[in-house]
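# Coordinates in review
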Amino acid sequence: MTTVIENDQKSGRLEVGTPLLEVKDLHVEFHTRDGVAKAVNGVNYSVAAGETLAVLGESGSGKSVTAQTIMGILDMPPGKVTQGEILYRGQDMLKMGNEERRKIRGQKIAMIFQDALSSLNPVLSVGYQLGEMFRVHQGASKKEAKEKAIELMDRVRIPAARQRVGDYPHQFSGGMRQRIMIAMALSLEPDLIIADEPTTALDVTVQAQVMDLLAELQAEYNMGLILITHDLGVVADVADKIAVMYAGRIVETAPVHELYANPAHPYTKGLLRSIPRLDQKGQELYAIKGLPPNLLKVPTGCAFNPRCDVATDLCRTETPELHHVTDKDGKELTGRRSACHLWKETLHG
Ligand code: SF4
């Protein structure tokens, strides 16, 4: 039986830790002329109110396809969900009609994309675009919507919001445009924000400012946040837990600091080694050899085996399941899983 999770009656918001979104055994395929690409192959993850989940992986890992499926914005065809559930507050969104789904998208679950410039309409002022949410969804008048837009611009710390509310997207810097995207996502106070590479197009200092702002607003509004990124470096300070994806599967999950301190999968280990460090100035930066696989020709066994320095014959024939990992005394480590035949050697070696 499905349990529907209701709002906290007093605050209208869920309590921290209440399950918000649960992706269960999700499979998404793309049917192409050359065959079927299994872009998402049995993904499970969850995020609770007040929690940040970072989903990490190179391009083609399935992280963005999973997010687009959650939002209901994946082009189908060629995409097709073949199995699984996406539970939002206990209700399977995959079984909802278009209208019900549309209400959740934007109002309850909002998305922030990488490229703010192409997500914003270049011929409409940012104030108009921010205010539109209130006009369409809450029946606000033009004047009320403009005031709400200014409030939101202030909230995401855009200087001189009242003077700039009539400016167009191209008149703002990349960092400021991304703040406008965050403001837009926040406008209807969603329960959950999915941010897909929200800082990739920005320079490092602005990246940090935008991430800090997102984290601060998330804590204030008690939202869930799914942060999709290829860059382990940007999530350390903001995420609670991480799911690492490779070739459509999750290969490791862990609380963020445990994953940084001691990964249980060679792929994660490689990603961590590839982060530039100040104490290694002058040394050549490590890079994982090879490229992620073509999803039409995923290697047999562990999909990572051609790039893995410690692969064995077993790795080339048997696909490792994602299973719990334990400490040296055999005690299960909470929230930690690895899909590697050699997780023990990787974690404790
Ligand atoms: Fe490497 Fe084998 Fe582990 Fe895959 S299963 S990551 S190939 S050691």
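What counts and how
- Residues numbered from 1 in each chain as written.
- Predicted model: local features only at pLDDT ≥ 70, side-chain atom pairs only at ≥ 80, totals over all residues.
- Heavy atoms only, no water.
- pLDDT = per-residue confidence, 0-100.
- Contact = heavy atoms within 4.5 Å.
- Buried < 20%, exposed > 50% of the residue type's maximum accessible area, 1.4 Å probe, protein only.
- Helix = DSSP H or I, 4+ residues; strand = E, 2+ residues; numbered from the N terminus.
- Pairing = 2+ DSSP bridges.
- Phe/Tyr/Trp six-rings, centres within 6.5 Å; stacked < 30°, edge-to-face > 60°.
- Lys NZ or Arg CZ within 6 Å of the ring centre and 35° of its normal.
- Axes fitted to C-alpha atoms, helices over the stretch in contact; angles between N-to-C directions.
- Salt bridge = Lys/Arg side-chain N within 4 Å of Asp/Glu carboxyl O.

## Description of the confidence of the model for the chain
Mean pLDDT for the chain: 88, with 95% of residues reaching 70 or above. Segment residues 1-10: pLDDT under 50, and 20 contacts once partners within four positions in sequence are set aside and those in other chains are kept.

## Examining the pairing of strand S6 (residues 109-112)
Going residue by residue along S6, you find Ile-109 and Met-111 tucked away on one face and Ala-110 and Ile-112 tucked away on the opposite face as well. Judged from the four bridges that link them, S6 and strand S7 (residues 192-196) form a sheet pairing that is parallel. Across the sheet, Ile-109 pairs through a bridge with Leu-192, a residue of S7.

## Quick look at the packing of aromatic side chains
Applying the stated rule across the entire model yields three aromatic pairs. A centroid spacing of 5.2 Å and a plane angle of 80° characterise the contact between Tyr-246 and Phe-304, whose relative ring orientation is edge-to-face. Of this pair, Tyr-246 sits in strand S9 (residues 241-246) while Phe-304 sits in the loop between helix H10 (266-273) and helix H11 (313-317), and the two are 58 residues apart along the sequence. A single burial state applies to Tyr-246 and to Phe-304, both of which are buried. Members of the aromatic cluster, each reached through a chain of ring pairs, are Tyr-246, Tyr-267 and Phe-304. Seen from the ring of Tyr-286, Arg-273 lies directly overhead, with NZ or CZ sitting 3.8 Å from the centre.

## Points about the sheet that holds S9
Here eight strands make up an open sheet; going across it, the order is S6-S7-S8-S3-S9-S10-S12-S11 and the pairing mixed. Whereas interior strands pair on both sides, the edge strands pair on one side only; in this sheet they are S6 and strand S11 (323-326). Recorded for the sheet is a direction-independent mean angle of 25° between the axes of neighbouring strands. Each of S6 and S7 is contacted by helix H7 (residues 174-186), which is oriented at about 170° to S6, the strand it contacts most.

## Things to note about the pattern of salt bridges
Counted by the stated rule, this structure contains 14 salt bridges. Here Arg-157 and Glu-216 are joined by a salt bridge, their closest N and O atoms 2.5 Å apart. Of this pair, Arg-157 sits in the loop between helix H5 (142-155) and helix H6 (161-164) while Glu-216 sits in helix H8 (residues 204-221), and the two are 59 residues apart along the sequence. A single salt-bridge network, built from bridges that share partners, covers Arg-155, Arg-157, Glu-216 and Glu-220.

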